[in-house]
Amino acid sequence: MPQVLKLKPLTKEAFAPFGDVISTREGDAFPINSGTTQRYHHLGKIQVEGNDGEPGISMTVGQAFAFPIKIAMLERHPLGSQAWIPTTGNAFIAVVAPGGANDRPDETALQAFYVNGDQGVNYHAGVWHHPLLNLGPGGNFIVVDRIGSAPNCDECNLNQVFLLDGTFAEPASV
Ligand SMILES: NC(=O)N[C@@H](O)C(=O)O
Ligand code: NI
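Residues numbered from 1 in each chain as written. Chains lettered and ligands numbered in written order. Predicted model: local features only at pLDDT ≥ 70, side-chain atom pairs only at ≥ 80, totals over all residues. Heavy atoms only, no water.

Focus on the pattern of salt bridges
Overall, the coordinates contain 5 salt bridges when judged by the stated rule. Through salt bridges with shared partners, a single ionic network connects Arg 76, Asp 103 and Asp 154. (Salt bridge = Lys/Arg side-chain N within 4 Å of Asp/Glu carboxyl O.)

The structure is reproduced here in structure tokens:
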């Protein structure tokens, strides 16, 4: 029976080892445009390494996943960060792990964050994460990541399969 991976609410602090949280929920804003607009400044760090890379803005439309969801692999982008910002208010799951032995993810420290539709995430360069797990409805995302010809996606099959059943480690406070 695969090990159940319980969900955790996404907070800047909890996600800090893996990247940034893009949200107006936690953060200071300052007024711009004669006070007509609040700016939540520099919420994430765009990282682009290597000679031919440049930061780019893309959009995706992700299919909706339903629980239970199997987690059997992770990937990382060694040459750049990757931000996922929902534009249709859809929640998604960010599964991440720290680096472990033999240049693989540390599966014993796998974490799954429930990302509300008013939050986005920015995975820092080299952070192990699962490809998009959009929960729908509507799966439109803005993606900000490295554009370039150099290979920038390492994939790793995990030694065991984990299962997201939609339950939270603590009572949901999302
Ligand atoms: N390849 C791509 O654009 N997406 C993946 O990197 C992902 O994290 O979903
Ligand atoms: Ni990715």
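Regarding the side chain of Asp 145
Topologically, Asp 145 is positioned in strand β14 (residues 140–147). Put simply, Asp 145 is tucked away with no salt bridge, and the nearest opposite charge, on Arg 146, sits 9.3 Å away. Of the polar contacts made by the side chain of Asp 145, one reaches the side chain of Gln 82; its length is 3.0 Å. (Helix = DSSP H or I, 4+ residues; strand = E, 2+ residues; numbered from the N terminus. Buried < 20%, exposed > 50% of the residue type's maximum accessible area, 1.4 Å probe, protein only. Lys, Arg positive; Asp, Glu negative; His and termini not counted. Polar contact = N/O pair within 3.5 Å; in protein donor to acceptor, adjacent residues only side chain to side chain.)

Quick look at the site of ligand 1
In the vicinity of ligand 1, the residues found are Glu 75, His 77, Gln 82, Trp 84, His 129, Pro 131 and Leu 132. Gln 82 is positioned such that a nitrogen or oxygen atom in its side chain is 2.8 Å from an oxygen atom of ligand 1. Here Leu 132 contributes a backbone N or O atom positioned 2.9 Å from an oxygen atom of ligand 1. Starting from 270 Å² of accessible surface for ligand 1 in isolation, the protein chains cover 67%. Residue classes in the shell around ligand 1 are distributed as 3 nonpolar, 3 polar and 1 charged. (Near = heavy atom within 4 Å. Areas by Shrake-Rupley, 256 points an atom, 1.4 Å probe, with all protein chains shown as cover. Nonpolar A, V, L, I, M, F, W, Y, C, P; charged D, E, K, R; others polar.)

A word on the coordination of the nickel ion (ligand 2)
Each protein donor to the nickel ion (ligand 2) is listed here as Glu 75 (OE), His 77 (NE2), Gln 82 (OE1) and His 129 (NE2); together their distances run 2.1 to 2.2 Å. For the nickel ion (ligand 2), the 6 donor atoms in the first shell make angles of 74 to 167 degrees at the metal, a pattern classed as octahedral. When the donors of the nickel ion (ligand 2) are listed by position in the chain, the intervening gaps give E-x1-H-x4-Q-x46-H. The class for Glu 75 is buried, based on a relative accessible area of 8%. (Donors = N, O, S within 2.8 Å, 3.2 Å for Na, K, Ca; no water. Tetrahedral: all angles 85-135°; square planar, octahedral: opposite > 155°, others 65-115°.)

So, the nonpolar core
Across soluble globular proteins, you tend to see nonpolar side chains buried next to one another. Counting 20 residues, the largest nonpolar core has Ile 71, Leu 74, Ile 93, Val 95, Leu 110 and Leu 164 as its most contacted members. Those residues in contact with Leu 110, other than ones at most four positions away along the chain, are Leu 5, Ile 71, Leu 74, Val 95, Val 96, Ala 97, Leu 158 and Phe 162. (Core = buried A, V, L, I, M, F, W, Y, C linked by side-chain atoms within 4.5 Å. Contact = heavy atoms within 4.5 Å.)

Brief notes about the sheet that holds β14
Reading across from one edge, β3-β11-β8-β14-β6 is the order of the 5 strands in this open sheet, with antiparallel pairing throughout. Single-partner strands in this sheet number two, and they are β3 (19–23) and β6 (54–61). For this sheet, the mean inter-axis angle between neighbouring strands, taken without regard to orientation, is 20 degrees. As judged from the 8 bridges shared by β6 and β14, these two strands associate in the antiparallel manner. Looking at the pairing, Ser 58 lines up with Val 143 of β14. (Pairing = 2+ DSSP bridges. Axes fitted to C-alpha atoms, helices over the stretch in contact; angles between N-to-C directions.)

Things to note about the packing of aromatic side chains
Applying the stated criterion across every chain yields a total of 6 aromatic pairs. Where Phe 15 meets Phe 113, the ring centres are 5.6 Å apart and the plane angle is 80 degrees; that geometry is what we call edge-to-face. With Phe 15 in helix α1 (residues 12–15) and Phe 113 in strand β10 (residues 111–115), this pair connects stretches of sequence that are 98 residues apart. Judged by centre distance (5.7 Å) and plane angle (80 degrees), the ring pair of Trp 84 and Phe 141 falls under edge-to-face. Residue Trp 84 is found in strand β8 (residues 82–86), and its partner Phe 141 is found in strand β14; the two are separated by 57 residues along the sequence. A relative accessible area of 0% means that Phe 141 is categorised as buried. Feature note: the residues Phe 15, Phe 18, Phe 113 and Tyr 123 constitute an aromatic cluster, connected by ring pairs. (Phe/Tyr/Trp six-rings, centres within 6.5 Å; stacked < 30°, edge-to-face > 60°.)

Take it as geometry only, folks, not as evidence of what the structure does.
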